[in-house]
Amino acid sequence: MKRIGMLTSGGDCQALNAAMRGVVKTLGNSGEKTEIYGFLDGYRGLIYGNYRMLGTKDFSGILTVGGTILGTSRTPFKQIREPDENGLDKVEAMKKNYKKLKLDCLVILGGNGTHKTANLLRSEGLNIITLPKTIDNDLWGTDMTFGFQSAVDIATNAIDCIHTTAASHGRVFIVEVMGHKVGWLTLNAGMAGGADIILLPEIPYDIDKVVDAVEARDRNGSRFTIIAVAEGAISKEDAKLSKKEYKEKLRTRPYPSVSYEVAAQIQEKSGREVRVTVPGHVQRGGSPCPYDRVFASRLGSEAGRLILEDDYGFMVGYKNREIVKVPLEEVAGKLKMLSPDAAIVKEAKMLGICFGD
Ligand code: F6P
């Protein structure tokens, strides 16, 4: 008999349900009797003891469904050690609820912040298995996270749609892509959508180089230019600022995001008409793509196997085309950035894509 707690934490993404289904199906098919306690709205459910007992039926029909049947919330790691407004010690409360329900382990699905708390709970003696979710693909210890490929599809589709209208009107178009502080999503969607210029957080841009690239396309007779800008893209000048100075700049800049600033600068320097499109949270929504359905199911299945073997303290990840288990202490607190020297960046440059560097 296994008693499993399960929760999804942080921003949602596609294939969370597929991953949980993978865990539950694997346990069910093993013949081991299993009780599943689904904590609602992320760590909040574990802290306050809000859970639902789930049966195998709850996990059927959800392979293709986006979002998470458990709900999610952001519980910043910075605040996890701080008592809540009623003086409750959150870490002690999570441990207490785990013990009260006599759980054998907790399956936690999440990204960077989630993994810091998961590792803390592991170090406090709880049995933890995690699964790597995020459209940003920025989790250390895995080459791929689920949600990423689905978001690439959506962002690519946005760029494809912009392409046709940009071509008709002969305009410069910016598509702002999510990804938080990393550029994986923008680079992949930008390349897939045939963007001419791609601006990423890991490669600070010089706005004059961006304008040069737009004008060079004009001279070559191209009527339009597509620019994929990561929401975390940063100029060379801003990259020199201290963290505090940059935060202040963001607080006071007269633009809602970096794309609008880039657009205004191109417009001013080149006289070209520039439009901005921000697909935003659409990138995290809807049904997972086939790749993510398979990938998340595989990760979930492996998590189920580890639980059956009582092998805890790992994130189930993907390295060199294989599903692997990665110790949680290696994952927590690290960001997987894109290297400016990565082969894919070099290849993109050989294809003529400008990074503004
Ligand atoms: O981490 C996923 C992500 O979608 C990032 O790409 C983005 O920066 C962030 O979450 C948005 O967060 P929220 O949903 O809290 O607005």
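Residues numbered from 1 in each chain as written. Predicted model: local features only at pLDDT ≥ 70, side-chain atom pairs only at ≥ 80, totals over all residues. Heavy atoms only, no water.

1. Points about the overall build of the protein chain
This is how it is decided: Numbering goes from the N terminus for both helices and strands, where a helix is a DSSP run of H or I of at least four residues and a strand is a run of E of at least two. The quantity called the radius of gyration is restricted to C-alpha atoms. Its globule counterpart is 2.2 Å times the number of residues to the power 0.38. Partly exposed describes any residue whose relative accessible area lies between the buried limit of under 20% and the exposed limit of over 50%, with all areas from a 1.4 Å probe on protein chains only and scaled to the type maximum. Here, two residues are considered to be in contact whenever any of their heavy atoms come within 4.5 Å of each other. Only the protein chains shown count as cover for residues, and the accessible areas themselves come from Shrake-Rupley with a 1.4 Å probe. When charges are counted, Lys and Arg contribute as positive and Asp and Glu as negative, whereas His and the chain ends are disregarded. Throughout, a charge is located at the NZ atom of Lys, the CZ atom of Arg, the CG atom of Asp or the CD atom of Glu.
Helix and strand counts for the protein chain come out as 13 helices and 11 strands. For a compact globule of 357 residues, the expected C-alpha radius of gyration is about 21 Å, and the protein chain comes in at 22 Å, within 12% of that figure. When its C-alpha atoms are laid out on the principal axes, the protein chain stretches across 70 × 40 × 30 Å. Burial analysis of the protein chain (357 residues in total) assigns 54% to the buried set. In the protein chain, 74% of the contacts between residues at least 6 apart in sequence involve partners at least 24 apart. Counting only carbon and sulfur atoms, one obtains 49% of the accessible surface of the protein chain, whose full area is about 15700 Å². In the protein chain, 48 positive and 44 negative side-chain charges are present, and the distance between their average locations comes to 3 Å.

2. Things to note about the sheet that holds strand 11 (residues 322–327)
Strand pairing in a sheet takes place through backbone hydrogen bonds and is either antiparallel or parallel in direction. Just so we agree on the cut-off: At least two DSSP bridges between two strands are required for those strands to pair. Only the stretch in contact is used when fitting a helix axis, every axis being a line fitted to C-alpha atoms; angles between N-to-C directions are given from 0 to 180 degrees.
Strand order across the open sheet formed by seven strands is 3-2-1-4-5-10-11, with mixed pairing between neighbours. In this open sheet, the two edge strands, each paired with only one partner strand, are strand 3 (51–54) and strand 11. Each strand of the sheet is rotated relative to its neighbour by a mean of 25°, with strand direction disregarded. Where helix 1 (residues 16–29) meets the sheet, it contacts strand 1 (2–8), strand 2 (34–39), strand 4 (105–110) and strand 5 (128–132), and its direction lies at approximately 175° from that of strand 1.

3. Section: the domain arrangement of the protein chain
Going by this rule: Boundaries between domains were set according to an automatic or database domain assignment. By buried area we mean the combined loss of accessible area, with a 1.4 Å probe, across both parts when two parts are placed together. Salt bridge, as used here: a side-chain nitrogen of Lys or Arg that lies within 4 Å of a carboxyl oxygen of Asp or Glu. For the purposes of these results, a polar contact is taken to be a pair of N or O atoms within 3.5 Å, where, inside protein, one atom must be able to donate a hydrogen and its partner to accept one; residues adjacent in sequence count only when each atom of the pair is a side-chain atom. Any residue that is not Ala, Val, Leu, Ile, Met, Phe, Trp, Tyr, Cys, Pro, Asp, Glu, Lys or Arg is counted as polar, Gly included; the first ten are nonpolar and the last four charged.
Domain boundaries assigned for the protein chain yield domain 1 (2–147 + 288–331) and domain 2 (151–284). Contact residues are listed per partner, giving 11 residues for domain 1 and 11 residues for domain 2. With both chains or domains summed, domain 1 and domain 2 bury close to 850 Å², and 48% of this area falls on carbon and sulfur atoms. When residues of domain 1 are sorted by the area they lose upon contact with domain 2, Gln14, Ile135 and Asp136 head the list and together hold 53% of the total. Between domain 1 and domain 2 we count one salt bridge in total. Close ionic contact of Arg284 with Asp12 constitutes a salt bridge, the shortest N to O distance being 3.1 Å. Linking domain 1 with domain 2 are four residue pairs in polar contact (both at pLDDT 80 or more). Taken together, the residues of the side of domain 1 that touches domain 2 sort by class into three nonpolar, four polar and four charged.

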